[in-house]
Amino acid sequence: MGKKSGMADPVGLEPFDRADKKLLRVVIETPKGSRNKFAFDPKAHVYQLKKVLPAGMIFPYDFGFVPSTKADDGDPVDVLVLMDEPAFAGCLLTCRIIGVIEGEQGAKKKKIRNDRIVAVEKDAHSWADIKTMDDLGKKFCQELEEFFVNYHQLSGEQYRVLGIKGPSHARRLVKSGLR
């Protein structure tokens, strides 16, 4: 009998929808409302628990990655997905890119870029009118920024938001990360 692996590897899937190349495919790792941070381990073909957030802190929205990409931090390109109900780890979504939160993390001398694409699941009713980050409002964007700063602070890392850009800039970042 041959060696069995955990599950199919979503890392190598197509990053863009075949029918509409403007739509991004996203694999969810951590669902909205979870205190558990999961990450796909491509060697073991399983979703592994990376950390548990403290009581009172949760992932505000679904969080995942774009398959067949690699960001500056060595992981696939990160995506925060806005949708009506939480997905689950391993769920493949088709999304509209609305922008990116540009950021860097690390110590003073060793900083790496860790941008977060923000997208809306293509069939989400509550988010149907959201086309760009500007449509979310300043307060909403500020809360997203604060989540990432606080999330990294828990690991003893600094995260600094460099700016928020629109969908065309975010799409270029995804394309630059294609493997």
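Calculation rules
For every chain, the first residue of the written sequence is number 1, and numbering continues from 1 along that sequence. With pLDDT at 70 or above as the cut-off, local features in this predicted model cover only qualifying residues; side-chain atom pairs require 80 or more to be listed or tallied, and sums for whole chains, interfaces and linings still use all residues. Excluding hydrogens and water, the side-chain values take into account all heavy atoms of the structure. Strands are runs of DSSP state E lasting at least two residues, helices are runs of H or I lasting at least four, and both sets are numbered from the N terminus onward. Between the two quantities, the radius of gyration covers C-alpha atoms and the globule rule is 2.2 Å times the number of residues to the power 0.38. Take the buried residues of types Ala, Val, Leu, Ile, Met, Phe, Trp, Tyr and Cys, join any two whose side-chain atoms come within 4.5 Å, and each joined set is a nonpolar core. We call a residue buried when its accessible area falls under 20% of the maximum for its residue type, exposed when it is over 50%, and partly exposed in between, using a 1.4 Å probe and counting protein chains only. Residue contacts are counted whenever heavy atoms from the two residues lie within 4.5 Å of one another. Paired strands, as defined in this entry, are two strands with at least two bridges between them according to DSSP. The aromatic pairing rule takes the rings of Phe, Tyr and Trp, using the six-membered ring of Trp, and pairs them if the centres are within 6.5 Å, calling planes under 30 degrees apart stacked, those over 60 edge-to-face and the rest tilted. Geometrically, a lysine NZ or arginine CZ counts as sitting over a ring once it is within 6 Å of the ring centre and also within 35 degrees of the ring normal. The span you would expect from a helix comes to 1.5 Å times its residue count less one. What the arc measures is the spread of directions leading from the helix axis to the C-beta atoms. The rule is simple: put a 1 Å grid over the protein atoms alone, call a set of points where a 1.4 Å probe fits but cannot get out a cavity, call an open set with protein on both sides within 12 Å along at least five of seven lines a pocket, and count a residue as lining if it has an atom within 4 Å of a point. Grid points are joined across faces, edges and corners, and a volume is the space filled by probe spheres set on the points. Polarity classes work like this: nonpolar for Ala, Val, Leu, Ile, Met, Phe, Trp, Tyr, Cys and Pro, charged for Asp, Glu, Lys and Arg, and polar for all others, with Gly in that last group.

### Some points on the overall build of the protein
Point 1. Within the protein, the secondary structure is distributed over 2 helices and 9 strands.
Point 2. Written out in order from the N terminus, the α and β elements of the protein read β-β-β-β-β-β-β-β-α-β-α.
Point 3. What you see for the protein is a C-alpha radius of gyration of 16 Å, in line with the 16 Å of a compact globule of 179 residues.
Point 4. A principal-axis box enclosing the C-alpha atoms of the protein has dimensions of 55 × 40 × 30 Å.

### Regarding the nonpolar core
A general feature of soluble globular proteins is that nonpolar side chains tend to end up buried together.
Point 1. Ranked by internal contacts, the top residues of the largest apolar core, which has 42 residues, are Leu24, Leu82, Ile117, Trp127 and Leu136.
Point 2. When sequence neighbours within four positions are dropped, the list of residues in contact with leucine 82 reads Tyr61, Ile98, Val118, Ala119, Val120, Glu121, Ala124, Trp127, Leu136 and Phe140.
Point 3. Val27, Phe40, Tyr47 and Phe65 belong to the second-largest nonpolar core, a separate cluster that totals 5 residues.

### Digging into the pairing of strand β4 (residues 62–65)
Point 1. What you see with β4 is no split at all: Asp62 and Gly64 on one side and Phe63 and Phe65 on the other are buried throughout.
Point 2. Pairing analysis gives 3 bridges linking strand β1 (residues 23–30) to β4, with the strands arranged antiparallel. Counterpart to threonine 30 in the pairing with β4 is phenylalanine 63.

### What about the packing of aromatic side chains?
A ring pair, where both rings are aromatic, is described by two values, the distance of the centres and the angle of the planes.
Point 1. Counted by the stated rule, this structure contains 11 aromatic pairs.
Point 2. Between phenylalanine 59 and tyrosine 151, the aromatic rings sit 5.6 Å apart at their centres with planes inclined by 65°, giving edge-to-face as the arrangement. Of the two residues, phenylalanine 59 sits in the loop between β3 (46–52) and β4 while tyrosine 151 sits in helix α1 (residues 138–153), which places them 92 residues apart along the sequence.
Point 3. Residue classification places phenylalanine 59 among the buried residues on the basis of a relative accessible area of 1%.
Point 4. One aromatic cluster is present, built from ring pairs that chain together Phe59, Phe63, Phe147, Phe148, Tyr151 and Tyr159.
Point 5. Just above the ring of tyrosine 151 sits the side chain of lysine 51; from NZ or CZ to the centre is 4.2 Å.

### Quick word on α1
Turn by turn, an α-helix covers 3.6 residues, leaving residues three or four places apart pointing in a common direction.
Point 1. Taking 1.5 Å of rise per residue, 16 residues should cover 22 Å, and α1 covers 22 Å from first to last C-alpha, within 8% of that figure.
Point 2. Among the residues making up α1, those that are buried are Phe140, Cys141, Leu144, Phe147, Phe148, Tyr151 and His152. Buried residues in α1, looked at end-on, bunch into an arc of 120°, giving them a common side. Facing away from the buried side of α1 by over 90 degrees, the exposed positions are Lys138, Lys139 and Gln153.

### Some words on the layout of surface pockets
Point 1. Here the largest pocket is characterised by a volume of approximately 620 Å³.
Point 2. Sorting the residues of the lining of the largest pocket by element identifies β2 (36–41), β3, β4 and α1 as the ones contributing at least two each.
Point 3. Along the lines of polarity and charge, the residues of the lining of the largest pocket split into 12 nonpolar, 7 polar and 12 charged.
Point 4. One number sums up the size of the second largest pocket: a volume of about 180 Å³.
Point 5. Every residue lining the second largest pocket is counted, 14 residues in all, and those nearest its centre are Ala71, Asp72, Val77, Asp115 and Leu173.
Point 6. At 3 residues, helix α2 (residues 167–176) tops the list of elements feeding residues into the lining of the second largest pocket.
Point 7. Class assignment of the residues belonging to the lining of the second largest pocket gives a composition of 6 nonpolar, 3 polar and 5 charged.

So, to be careful, I would describe these as geometric facts and stop short of saying anything about function.
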